[in-house]
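Inside the fold
Chain residues, written in single-letter form:
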Amino acid sequence: MDKELQQYAEIIEQLKPAISSPQFSQVLLQLTQDVPPEKRFLIKMELKRMAKPCMRSIDLRGQVDGECQLFEYNSRKHYLDDIAITEFKKQIKIFGHYCFGVYEAVMSTENNFRVMRNIAEKKGADEQRAASDTGKTVSLDQYTIPAVNLLSYAHRSHERMNFAIAVEVQDENHDSYQASSVDISMEGLRLKIAKEFQFSRDQRLYVYFRGLEDEFAMDKRNGIAYSVITSKFEKGHQYLILKRENQIPSPSFDKFLQKFIHGNKRRYKVNLANTIDAIINKTAELYVSPCSASLPVFLSETKDTLVPCYAMINSVNSETLAYWQDETAQITLGYLLKPARLQWLRANMQRFPEMYVYSFTHIQNGAVYFYSASAQELNHKEVLKNVYLGFGSRKVSWRVFKLTMSAMSPDQAYTPLSIPSDASSKAKKLNQPPSARLMGKLKSLRYIVHITDVTSESGQRQYARYKFNRNNLTHLRVFAHPRNKPPANIKPYRYRFQEQRMETRYLLRSPITLTNYNDELPVAGISEDISVSGLRLEIAGEFLGETGSLVKISFPKLQEMTDKYVVTGLIYEVIHYNDERNILHLRAAEGEAGKLAKNFFDHLIKQNKQSLKTYPEEEDVPGIGHALRCINARNTPNFAFLLAKSGVKYHPEMAVIGDRDTLLNRVASHYTDNGFVNVEFLFRDRNLETPLIQQGIKTMRVENMPIRQELYIAYDSSKQGSRLAVLPHLDNRFNNDESRKSFINDALSRGHFIAVQVLLTTTGKPDMDMLQAELNYVSTYALHKARELEEKIWSIATSVHLIDMTSEVLMRFGYDGSVIEKNRQPQSVSQAASQVQQLLDK
């Protein structure tokens with residue numbers, strides 16, 4: 001329908017049934033009495049056009065979000081889904097025959113991808129217009145959040161005091177400029193100066209503190225030498241960041257300044273900006289790193305040979321490590337990281353390619369045999385590609401792993417506080433660099449490979465449809481890893497969480513029996529460690545209860561050793577269990593119910609403290625786990641953000657963004673201010689019945705497990721508004737692979753296609769020890785600010801991680817390498833790279 005007739009759409013709809021009636025002209029006149037004659041004529045011509053017989057067949061396969069089936073009308077075959085069939089019959093009843101009006105109505109049903117896209121674009125355009133009138137739409141503001149690059153914050157060797165006085169700045173040409181100080185330290189100075197003046201990096205300037213000359217005996221003839229670090233423009237003002245020139249010392253000024261800052265820092269207040277930034281940055285790391293799905297493996301380089309040495313495991317990525325364990329629990333992760341793959345990743349690292357490795361296992365006579373093949377390896381053996389993918393994907397052990405490599409430096413292990421060492425004795429201790437022994441252990445490390453499990457149910461079903469000749473299965477042995485050639489030994493280290501129990505844990509292995517509180521059959525097991533109020537044990541079967549349920553624990557061997565206490569039927573609450581439900585973490589029940597257990601173990605520990613061993617440290621070199629954690633944080637592979645809980649609602653709080661220029665980073669930073677990202681596209685379905693994030697949080701809380709979903713995104717960087725530029729669609733909301741591929745084709749034609757795995761996890765308690773020194777420092781000068789920060793830290797409840805798996809999805813749907821490479825490259829690399837760099841340089 002022409003745009004000029006859109007306003008008469010309701011009249012046209014009323015006239016449709018009368019188009020073939022002899023009274024059509026009379027009905028037309030009655031309904032268009034207030035319509036100008038020229039418009040009435042156009043309406044009549046439009047209806048005549050719509051009533052013309054149509055000879056076209058309709059094929060909606062891949063064009064609608066629905067299952068299409070063969071539908072015949074008057075010997076003409078159409079492929080329609082249920083909604084289209086209903087609309088077809090409705091329009092036939094109105095027009096009386098198959099005409100263009102029927103055809104156009106069926107092609108414009110609500111589940112048609114073209115219609116859905118047009119609606120989304122119109123809605124986005126409306127919001128853009130509203131935003132231009134009112135600044136920014138309130139609905140989108142809550143999804144625009146600050147972004148940080150983990151452990152990237154300023155460290156200060158000296159305290160910086162807020163101090164505003166008049167100063168005179170003179171360059172080496174003796175040109176003078178009037179300015180005012182903003183803050184000052186023993187080593188630096190920040191000035192506010194007119195924006196029309198220009199200064200270059202490392203330019204030497206002489207500063208005269210004119211505002212102090214009336215109160216103190218200052219040298220009025222010789223200025224203090226500084227050099228320019230950088231200049232920034234904020235709110236119409238220019239700020240110069242300067243550092244002292246050590247080659248031109250001024251001992252008398254140094255002595256004066258030290259006393260002046262020490263005596264006035266409580267009056268003028270210490271500048272806390274970098275410390276607050278550091279606390280926020282570390283908070284993001286505390287919540288994001290321990291929940292990341294990517295398993296970091298650290299590689300050493302010796303004579304051009306790469307060797308995997310260490311891995312950092314957490315509660316989420318430990319599943320990847322567990323997969324690569326054989327029947328004797330030996331770690332065989334080195335099979336995945338074989339030398340040829342590592343060499344390929346290093347050779348192509350600058351282009352930031354990823355390698356996808358398809359894996360499955362075969363068990364024979366109790367022994368586990370591992371098979372793996374990368375996409376590149378399968379492309380070189382095209383004959384076996386369908387055999388490997390078709391056969392392997394039908395096994396329960398089928399996995400798809402994404403491998404990416406980044407360069408690293410052992411120096412990244414050093415993460416001093418943001419505050420100077422002389423701020424406190426604890427700060428001095430924490431600012432010490434890593435020990436020589438630790439650095440010796442790290443000195444050969446040069447690269448990190450991040451391994452991420454991106455297996456998806458829809459992908460596995462798609463691969464399983466590959467047809468192959470079973471006679472070729474014997475040829476798959478070329479992808480098998482020989483058991484007589486063990487891989488490189490990789491030492492795993494765990495993320496060290498804050499100790500959940502406030503008491504010391506002691507090793508105690510003693511037989512136990514566990515009974516649910518409803519007196520079901522007892523399950524045998526053994527205790528692993530104890531404390532006064534807690535217990536960890538392993539049982540022979542599977543625990544059938546849930547967290548929060550009460551259980552009865554009996555210690556038959558310990559009962560033989562005591563007559564004073566009854567240690568059968570001790571009541572505990574289950575606070576955690578592993579995925580296999582055979583390792584339980586228990587806490588003595590509250591009140592009288594748990595009093596007997598606490599009294600017994602308090603007595604047992606006091607009487608046997610010399611013989612009981614405390615829970616062992618797993619680190620052979622003290623501090624190596626923390627060092628690897630810091631290195632990994634500075635090489636974050638995935639985009640992530642945190643959700644804070646306020647009452648019963650969750651809202652985005654802050655994001656973590658890597659330093660690589662990826663399409664996903666561009667989507668998140670599309671038309672946002674520097675230092676911010678917009679995650680609204682992940683909440684686009686917030687008004688539907690089962691929205692991705694909100695429903696994911698509910699499910700996660702019930703099942704006590706991370707939630708994974710696959711999300712497809714169409715991205716058109718030429719559109720300004722986020723709602724126009726970014727069109728998301730959940731994988732499980734497609735009806736079939738045809739509709740998935742249609743979405744991908746449409747995305748590629750409009751701009752870029754992106755596929756991500758969305759991972760939602762709950763967050764544990766923050767390790768406040770990592771923040772306490774800086775929080776104490778802030779509270780000394782701004783107690784209210786320290787309290788605000790603590791509230792923000794404790795409000796974080798959920799982390800959301802986005803793992804880019806675009807190339808794997810495109811390969812899955814049969815797109816060749818040139819399409820994948822073109823999709824990876826932006827239309828304007830320099831512009832997008834500049835935008836992401838500005839985001840990181842905030």
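One can find the structure itself at the top, above this paragraph.
Attention here is on the structure that accompanies the text. (Residues numbered from 1 in each chain as written. Predicted model: local features only at pLDDT ≥ 70, side-chain atom pairs only at ≥ 80, totals over all residues. Heavy atoms only, no water.)

**Describing the sheet that holds strand E27 (residues 676-678)**
The following threshold applies: By definition, two strands form a pair when at least two bridges between them are found by DSSP. Working definition: helices are DSSP H or I runs of at least four residues, strands are E runs of at least two. Numbering for both runs from the N terminus. A fitted line through C-alpha atoms serves as each axis, taken over the contacting stretch for helices, and the angle formed by two N-to-C directions is quoted from 0 to 180°.
Reading across from one edge, E27-E3-E26-E25-E31-E30-E28-E29 is the order of the eight strands in this open sheet, with mixed pairing throughout. Here the strands that pair on one side only, and so sit at the sheet edges, are E27 and strand E29 (726-730). The sheet shows a mean angle of 35° between the axes of neighbouring strands, taken without regard to direction. Pairing between strand E28 (residues 707-715) and strand E30 (residues 752-762): nine bridges, direction antiparallel. The partner of isoleucine 713 across the bridge, within E30, is isoleucine 754.

**Re the side chain of asparagine 112**
To keep things clear, this is the line we draw: Three labels apply to residues, based on accessible area from a 1.4 Å probe with only protein chains included: buried if under 20% of the type maximum, exposed if over 50%, partly exposed otherwise in between. In what follows, a contact means two residues having at least one pair of non-hydrogen atoms within 4.5 Å.
With respect to the element layout, asparagine 112 can be found in the loop between helix H5 (100-106) and helix H6 (113-134). According to the relative accessible area criterion, asparagine 112 is buried, its value standing at 2%. For asparagine 112, the contacting residues outside a window of four places in its chain are Leu60, Gln63, Val64 and Met107.

**Brief notes about the pattern of salt bridges**
Put simply, the test is: Any carboxyl oxygen of Asp or Glu within 4 Å of a side-chain nitrogen of Lys or Arg constitutes a salt bridge here.
Following the criterion strictly, the structure yields 39 salt bridges and no others. Glutamate 327 is paired through a salt bridge with arginine 483; the nearest N and O atoms lie 2.7 Å apart. One end of the pair, glutamate 327, is in the loop between helix H10 (318-323) and helix H11 (339-347); the other, arginine 483, is in the loop between helix H16 (457-464) and strand E17 (491-494), and 156 residues separate them in sequence. The exposure class assigned to glutamate 327 is partly exposed, which follows from its relative accessible area of 37%. The partner of arginine 399 in a salt bridge is aspartate 453, with the nearest N and O atoms 3.8 Å apart. Here the residue arginine 399 occupies a position in strand E15 (residues 399-407), and aspartate 453 occupies one in strand E16 (residues 445-453), the gap between them amounting to 54 residues. Exposure remark for arginine 399: the relative accessible area of 25% places this residue in the partly exposed category. Classification of aspartate 453 by relative accessible area gives buried; the value is 19%. A cluster of three or more residues bridged by salt bridges with shared partners is formed by Arg465, Asp731, Asp737 and Arg740.

**Let's talk about the nonpolar core**
As a rule of thumb, soluble globular proteins bury nonpolar side chains together. Our working rule: Within this scheme, the nonpolar core is defined by two criteria: the residues are buried Ala, Val, Leu, Ile, Met, Phe, Trp, Tyr or Cys, and they are joined through side-chain atoms within 4.5 Å.
In terms of nonpolar packing, the biggest core is built from 39 residues, with Tyr358, Tyr388, Tyr712 and Phe753 touching the most fellow members. For this core, the elements supplying multiple residues, two or more each, are strand E13 (355-364), strand E14 (367-374), helix H12 (375-380), helix H13 (382-392), E28, helix H23 (737-750), E30 and helix H26 (806-812). Per-element tally for this core: the top contributor is H13, with four residues. Ignoring any residue separated from it by four or fewer positions in sequence, one finds tyrosine 388 in contact with Tyr358, Ser359, Phe360, Tyr371, Ser372, Ala373, Leu378, Ser393, Trp398, Leu476 and Phe479. Formed by 35 residues, the second largest nonpolar core is a distinct cluster that contains Ala284, Leu417, Leu642 and Tyr777.

**Here we look at empty space enclosed by the protein**
Picture a little ball the size of a water molecule; that probe, rolled over the atoms, points out where space is still empty. So the rule is basically this: Grid spacing is 1 Å over the protein atoms alone, the probe is 1.4 Å, and a cavity is where that probe fits but cannot get out, while a pocket is an open set with protein on both sides within 12 Å along at least five of seven lines and lining residues have an atom within 4 Å of a point. Grid points are joined across faces, edges and corners, and a volume is the space filled by probe spheres set on the points. Gly is put with the polar residues, along with every residue not named as nonpolar or charged; the nonpolar set is Ala, Val, Leu, Ile, Met, Phe, Trp, Tyr, Cys and Pro, and the charged set is Asp, Glu, Lys and Arg.
As enumerated under the stated definition, the model contains five cavities of 30 Å³ or more in all. Forming the boundary of the largest cavity are 13 residues, of which Val288, Ser292, Asn632, Thr636 and Pro637 lie nearest the centre. Of the residues assigned to the lining of the largest cavity, the class counts are five nonpolar, eight polar and no charged.

**Regarding the side chain of glutamine 462**
Within the secondary structure layout, glutamine 462 lies in helix H16. Of the residues examined, glutamine 462 reaches a relative accessible area of 10% and is grouped as buried. If sequence neighbours within four positions are ignored, glutamine 462 has contacts with Asp737, Arg812 and Phe813.

**With respect to the packing of aromatic side chains**
Formally: For this analysis, a ring pair means two rings from Phe, Tyr or Trp (six-membered ring only for Trp) whose centres lie within 6.5 Å, classed as stacked if their planes differ by under 30 degrees, edge-to-face if by over 60, and tilted for the remaining angles. Remark: a charge is flagged as sitting over a ring if the NZ atom of Lys or the CZ atom of Arg is within 6 Å of the ring centre and within 35 degrees of the ring normal.
Counted according to the given criterion, the structure contains 38 aromatic pairs. Ring geometry for tyrosine 358 and tyrosine 463: centres 5.7 Å apart, planes at 75°, overall edge-to-face. Linking tyrosine 358 in strand E13 with tyrosine 463 in helix H16, this pair joins segments that are 105 residues apart in sequence. Side by side, tyrosine 358 and tyrosine 463 carry an identical accessibility label, which is buried. One aromatic cluster is present, formed by Phe163, Phe209, Phe216, Phe253, Phe256 and Phe260 through successive ring pairs. Sitting above the plane of the tyrosine 493 ring, lysine 491 keeps its charged end 5.7 Å from the centroid.

**Examining the packing of helix H9 (residues 273-288) against helix H24 (residues 772-781)**
Here is the rule: Left-handed describes a crossing whose near helix is turned anticlockwise from the far helix through less than a right angle; right-handed describes the clockwise counterpart.
Across the interface, H9 lies against H24 with an axial gap of 10 Å and an inter-helix angle of 145°. Read as a crossing pair, H9 and H24 show a hand that is left-handed. Contacts from Thr275, Ile276, Ala278, Ile279 and Lys282 of H9 reach H24 at Glu774, Leu775, Tyr777 and Val778. Grouping the amino acids of the contact of H9 with H24 by side-chain chemistry returns six nonpolar, one polar and two charged.

**Some words on the sheet that holds E16**
What the seven strands build is an open sheet, ordered E14-E13-E15-E16-E11-E12-E17; its pairing is mixed. The outermost strands of the open sheet, each flanked by one partner alone, are E14 and E17. When the angles between neighbouring strand axes are averaged without regard to direction, this sheet yields 30°. Across seven bridges, E15 lies against E16 in antiparallel orientation. Across the sheet, residue serine 406 finds its bridge partner in E16, namely isoleucine 448. Relative to the sheet, helix H19 (residues 624-633) contacts strand E11 (295-302), strand E12 (305-313), E16 and E17, its axis offset from that of E12 by approximately 105°.

**Comments concerning helix H8 (residues 251-268)**
What sets the pattern is the α-helix's 3.6 residues per turn: residues three or four places apart point alike. Quick note on the threshold: Helices are assigned an expected span. That span is 1.5 Å times one less than the residue count. The seven residues ending at a residue and the seven starting there each receive a fitted axis; the angle between those axes is the bend at that residue.
Taking 1.5 Å of rise per residue, the 18 residues of H8 would be expected to cover 26 Å, and the 24 Å separating its terminal C-alpha atoms lies within 8% of that figure. Its maximal kink placed at histidine 262, H8 deviates by approximately 40°. Listed in full, the buried residues belonging to H8 are Phe253, Phe256, Leu257, Phe260, Ile261, Asn264 and Lys265. Buried residues belonging to H8 abut strand E4 (161-162), strand E6 (176-184), strand E9 (224-234), strand E10 (237-244) and H24. Immediately beyond the C-terminal end of H8, within one or two residues, lies lysine 269, with a positive phi of roughly 75°.

**Considerations on unusual backbone geometry**
Peptide bonds are mostly trans, and most non-glycine residues show a negative phi. Backbone geometry places aspartate 202, a non-glycine residue, at a positive phi of 70°. Mapped onto the fold, aspartate 202 is located in the loop between strand E7 (188-193) and strand E8 (204-208). One non-glycine residue, lysine 303, adopts positive backbone phi at about 50°. By the secondary structure assignment, lysine 303 is in the loop between E11 and E12.

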